[in-house]
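# Structural overview
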Amino acid sequence: MTQPKLAHLDEVYPMLPFAPVSGAGVYLFDGAGRRVLDLYGGHAVAALGYGHPRLTAALVEQTQRLCFQSNAVPLAIREEAARALVAFAPAGLDRAFFVNSGAEANENALRLALRVTGRRKVVALEHSFHGRTAAAAAVTWGAAGSWYGFPRLPFDVEFVPRDDAARLRGAIDRDTAALIIEPVQGVAGAFEVGRALLTAAREACDTHGALLILDEVQTGMGRLGAAFGAELYEVRPDLLTTAKALGGGFPCGALLLPDAIARALKPGALGTTFGGGPLACAAIKTVIEVIRDENLLANVRASAALIRRECLRGPVVSIQGAGFLLGLRTRPRAALVRDALLAKNILTGTSADPHVLRLLPPLVLEAQHVECLAEALEDCVDEAVQ
Ligand SMILES: Cc1ncc(COP(=O)(O)O)c(C=O)c1O
């Protein structure tokens, strides 16, 4: 296998023994021509797979026309991307603030919630992951005790169990600015928090005037077979964040907010240099158009059902999650299964749960690719993995 040479990079990431140099559709290729089926999508980013002609054309065209300008000037493409995203998003979120990553979207959502309510506490769920910047990491489960890296938290944080609606209700009070939730916890291993908890969250926020922030950085943009988890679980967020698949590989994020909150903001309340740049906006607009034109939400629903039907075999004992954010619970450690699958030219990912293998495939995945996975899992039966 090709091992990349890392002489000059900070070695903070464990890396897999596969070095892609190109991609086409749902496949990646290394320099020696080895072809790998990508069921992980670069941490849920490659929504349209690799080399989608419409995304490539949009980026090339926008690069040639105008490759950057900041928020100091109006841009037609920024307005078009915002219009497309607001139309794609749940009703009531009428404004988009574009940023560069999921953490930055959450950072701004938390900043807004604290400012708008004038309160000092944020409630989050155990096992959540919201990003590595100061505020996003403050509401990330376990971060403060391990990699957080800042001397103190920027606000009070209370974590509650992810399956206890009563504890959740009890944690939200008149000091609570916001409750932040991933509808399906991604890094935790594709754990669906479920409709009942989300409904309780909405009610508790309404009762005490707290804002409900849905972190759809990983679940959004069609990954669950609906545009957003908010629709799938029928819960109305006050603020919604998204990133990852949003630009189909072009780095970007967004915070969506209702008119009423947007109107209360003074100029300068939020800011960014690169957020909402023309290339990001061309990518966002195109990703949304392709999801619609190629009927990808229906494809996610059908192919996810097929995975659930066909892939409960070999080392897999159960399947959790929703749509294309799936956790395959494995009898051996998930990392062993991931390595065995990669040896068979299938790329998957692990999660914070050592026995959950994560699938985050491109939304363009087809039945034939699911069959490849099912066969490879079956083959794992006889291997060291068992
Ligand atoms: C739910 C969720 N929120 C936020 C983030 C942080 O996003 P980013 O890495 O783009 O900052 C992630 C990244 O994995 C995530 O899964």
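Here is a short report on the structure shown in this document. Along each chain, the written sequence defines residue order, and numbers are assigned to residues from 1. Two thresholds apply to this predicted model, a pLDDT of at least 70 for residue-level local features and 80 or more for giving and counting side-chain atom pairs, whereas whole-chain, interface and lining totals are computed over all residues. Side-chain descriptors were evaluated using all non-hydrogen atoms of the structure, hydrogens and water having been removed beforehand.

Helix and strand assignments come from DSSP, with helices taken as H or I runs of at least 4 residues and strands as E runs of at least 2, each series counted from the N terminus. Take Q218: it is sitting in the loop between β10 (211-215) and α8 (229-232). Note on exposure labels: buried denotes an accessible area under 20% of the residue type's maximum, exposed denotes more than 50%, and partly exposed covers the range between, all computed with a 1.4 Å probe on protein chains only. On the basis of relative accessibility, which here comes to 9%, the residue Q218 falls in the buried class. For the purposes of these results, a polar contact is taken to be a pair of N or O atoms within 3.5 Å, where, inside protein, one atom must be able to donate a hydrogen and its partner to accept one; residues adjacent in sequence count only when each atom of the pair is a side-chain atom. Side-chain polar atoms of Q218 contact the side chain of R358, separated by 2.9 Å.

What follows covers the pattern of salt bridges. Salt bridges are identified by distance alone: a Lys or Arg side-chain nitrogen within 4 Å of an Asp or Glu carboxyl oxygen. As enumerated under the stated definition, the model contains 18 salt bridges in all. The closest approach of N and O atoms between D293 and R54, which form a salt bridge, is 3.0 Å. Placement of D293 in helix α10 (residues 278-293) and of R54 in helix α2 (residues 53-65) is noted, with a sequence separation of 239 residues between them. A relative accessible area of 54% places D293 in the exposed class. Here R54 falls in the partly exposed class, since its relative accessible area comes to 33%. Note that D206 is salt-bridged to R236, the shortest N-O span being 3.7 Å.

A two-sided burial pattern is seen for strand β16 (residues 356-359), the buried positions comprising V356 and R358 on one face and L357 and L359 on the other. Should DSSP find at least two bridges between two strands, the strands are taken to pair. Looking at chain direction, strand β14 (residues 325-330) and β16 are connected through four bridges and run antiparallel. Within β16, the position partnered with L328 by the bridge is L357.

Looking now at the nonpolar core. In terms of nonpolar packing, the biggest core is built from 98 residues, with L85, L179, I181, M221 and L341 touching the most fellow members. The leading source of residues in this core is α10, at ten residues. Whether two residues are in contact is decided by their heavy atoms: any pair within 4.5 Å suffices. In this view, I181 contacts L125, H130, V193, L197, L198, A201, L212, I213, L214 and D215; residues no more than four positions away in its chain are not counted. Put simply, a nonpolar core is a bunch of buried Ala, Val, Leu, Ile, Met, Phe, Trp, Tyr and Cys residues held in one set by side-chain atoms that sit within 4.5 Å of each other. A137, F155, A177 and L270 belong to the second-largest nonpolar core, a separate cluster that totals 26 residues.

Let's shift gears to the packing of aromatic side chains. Stacked, edge-to-face and tilted are the three classes for Phe, Tyr and Trp ring pairs, Trp counted by its six-membered ring, which pair at centre distances within 6.5 Å; planes under 30 degrees apart are stacked, over 60 edge-to-face, the rest tilted. Counting across every chain of the model gives five aromatic pairs. For the ring pair W141 and F159, a centre distance of 5.4 Å and an interplane angle of 75° mean the geometry is edge-to-face. Highlighted residues: W141 in the loop between α5 (134-138) and β6 (156-160) and F159 in strand β6, separated in sequence by 18 residues. Classification of W141 by relative accessible area gives partly exposed; the value is 37%. Throughout this description, the term charge over a ring refers to an Arg CZ or Lys NZ atom that lies within 6 Å of the ring centre and within 35 degrees of the ring normal. Here R35 stacks its cationic end above the ring of Y27, 3.8 Å away from the centre of that ring. Positioned over the ring face of F191 is R162, at 3.7 Å from the centre of the ring.

It is worth spelling out the packing of helix α11 (residues 296-310) against helix α13 (residues 367-379) at this point. Axis definition: a line fitted to C-alpha atoms, over the contacting stretch in the case of helices. Angles run 0 to 180 degrees between N-to-C directions. Where α11 meets α13, the closest approach of the two axes is 10 Å, and the angle between their N-to-C directions is 20°. When the axes of α11 and α13 are compared, the pair comes out roughly parallel. For α11 against α13, the interelement crossing comes out right-handed. Contact residues: S303, L306, I307 and E310 in α11; A367, V370 and A374 in α13. Tallied by class, residues from the contact of α11 with α13 come to five nonpolar, one polar and one charged. An angle below 35 degrees is treated as roughly parallel, one above 145 as roughly antiparallel, one from 65 to 115 as roughly perpendicular, and anything else as oblique. Throughout, a crossing is termed right-handed when the near helix is turned clockwise from the far one, and left-handed when it is turned anticlockwise from it by less than a right angle. Polar here means any residue other than Ala, Val, Leu, Ile, Met, Phe, Trp, Tyr, Cys and Pro, which are nonpolar, and Asp, Glu, Lys and Arg, which are charged; Gly is therefore polar.

Another aspect to go through is the sheet that holds strand β1 (residues 20-24). Backbone-to-backbone hydrogen bonds pair the strands of a sheet. The strands run either parallel or antiparallel. With respect to topology, four strands assemble into an open sheet ordered β1-β2-β3-β15, the strand pairing being mixed. The open sheet has two edge strands, β1 and β15 (346-347), and neither has a second partner. Looking at chain direction, β1 and strand β2 (residues 27-30) are connected through four bridges and run antiparallel. Across the sheet, G23 pairs through a bridge with L28, a residue of β2.

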